[in-house]
Amino acid sequence: MSAGETCSKIIVVTINLIFLLFGLAALVAGIVFKVGGAWSTVSDFLKIADENSEIKNAGEALALGAIIFGSIIVVIAITGCIGACCKVKCLLVLYGIVVIIILLAEIAVVIVVGVKSSDVENKTDEALLKTLVNYKENSTDDISRAWSIVFKEFKCCGVKGNVDFRNYTSTFYANERPAQYKGSIYYVPITCCSKFNFEAKKSLSSSDFDTNKNCLTAPNSEAYDKGCVKSIINSVLDHKWAFIGVGIAIFFIEILVILLAFCLCCRSDKDHLV
């Protein structure tokens, strides 16, 4: 066995062992979220009232997706490891073909997302807007609390902005909100006020509204006015070079293992192995 062949085997096996661990992690996480109920709060948030909502089963679908994805990665990684270690030609060929298919699929997904990104964003906006119907600014239920956490962490309000609440002023008001802060001009939930920390409060009081009275109408500098979808997208884009770097690294790793797998196949032919 030549030094080059030994090096190729070590590289292929090492890369696949890393992917095996990654696949097992995804598989275990999916099982925990699916069976253990760890996704229940997020799932309830996404299953909001509308039986025809496109995102009503997103929590379960994501957990199931992690299980399927993890299982596929584990099988592919084991195939690559066995094929490289034992120089089993049929496994190396199968492994190389599968990685090529995955690589082409990744390229297709990137193209589709790039072309359809505006459509995806619009549908996401429409689906999330429906969840605001049951929002309560006192954040006592899981759904409202989930939204309030998003408002605070991403310094945003609503889906497209705090104007989303104009149509829901009669439903999101907390019982503790004084009458003078109710009406069509008071459409900003107190949880969208930059100076209010709902997590530090077990319950709201009228004094909370008095303290933040300048924030309860918009536009003003004390209320979050950016939409949460845009804020989350911008937060991701702030780290876009990291994502791009990881994507490029994965792309070249896949190219490398494809080439090495077929090189080992050629070596197998010359050595008259399996």
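Residues numbered from 1 in each chain as written. Predicted model: local features only at pLDDT ≥ 70, side-chain atom pairs only at ≥ 80, totals over all residues. Heavy atoms only, no water.

Focus on the nonpolar core
Membership of the largest hydrophobic core comes to 30 residues, with the highest contact counts inside it found for Trp147, Phe151, Phe165, Ile190, Phe209 and Leu216. Mapped onto this core, the elements with two or more residues apiece are α5 (142-154) and α8 (228-237). Here this core takes three residues from α5, the largest share from any one element. When residues no more than four places from it in sequence are discounted, the contact partners of Phe151 are Tyr135, Cys156, Cys157, Gly158, Phe165, Thr191, Cys192, Tyr224 and Cys228. Counting 16 residues, the second-largest nonpolar core is a separate cluster that includes Val12, Ile15, Ile76 and Leu260. (Core = buried A, V, L, I, M, F, W, Y, C linked by side-chain atoms within 4.5 Å. Buried < 20%, exposed > 50% of the residue type's maximum accessible area, 1.4 Å probe, protein only. Helix = DSSP H or I, 4+ residues; strand = E, 2+ residues; numbered from the N terminus. Contact = heavy atoms within 4.5 Å.)

Concerning unusual backbone geometry
A positive phi is found at Lys155, a non-glycine position, where the angle reads about 50°. As for its placement among the helices and strands, Lys155 is situated in the loop between α5 and α6 (169-172).

Thoughts on the UniProt feature "transmembrane region" (unreviewed entry) in the chain
Mapped onto this structure's residue numbering, the UniProt feature "transmembrane region" (unreviewed entry) falls at residues 12-33, 61-85, 92-115 and 241-265. Secondary structure content for residues 92-115 is 100% helix and 0% strand, while the C-alpha to C-alpha distance between its ends is 35 Å. Taken end to end, residues 241-265 is 100% helix and 0% strand, and its first and last C-alpha atoms sit 36 Å apart. (UniProt positions renumbered as here; feature names shortened; annotations may be inferred.)

Re the environment of Glu126
Within the fold, Glu126 resides in helix α4 (residues 89-131). Looking at Glu126, the relative accessible area reads 52%, which means it is exposed. Taking C-alpha positions, Glu126 is 8.9 Å from Val159, a pair spaced 33 residues apart along the chain.

A few points about the pattern of salt bridges
The full count for this structure, using the stated rule, is two salt bridges. A salt bridge links Arg177 to Glu137; the nearest nitrogen and oxygen atoms lie 2.8 Å apart. In this pair, Arg177 is assigned in the loop between α6 and α7 (206-211) and Glu137 in the loop between α4 and α5, connecting sequence segments 40 residues apart. Arg177 gets classed as buried once you look at its relative accessible area, which sits at 2%. The salt bridge partner of Lys195 is Glu222, with a shortest N-O separation of 3.7 Å. Of the two residues, Lys195 sits in the loop between α6 and α7 while Glu222 sits in the loop between α7 and α8, which places them 27 residues apart along the sequence. (Salt bridge = Lys/Arg side-chain N within 4 Å of Asp/Glu carboxyl O.)

Observations regarding the packing of α5 against α8
One can describe the packing of α5 onto α8 by two numbers: an axis separation of 10 Å at closest approach and a directional angle of 50°. Considered as vectors, α5 and α8 are oriented oblique to each other. The hand of the α5/α8 crossing is left-handed. Residues Trp147, Val150, Phe151 and Phe154 of α5 form the contact with α8, whose own contacting residues are Cys228, Ser231, Ile232 and Ser235. Residues of the contact of α5 with α8, tallied by class, amount to six nonpolar, two polar and no charged. (Axes fitted to C-alpha atoms, helices over the stretch in contact; angles between N-to-C directions. Parallel < 35°, antiparallel > 145°, perpendicular 65-115°, else oblique. Left-handed = near helix turned anticlockwise from the far one by under 90°. Nonpolar A, V, L, I, M, F, W, Y, C, P; charged D, E, K, R; others polar.)

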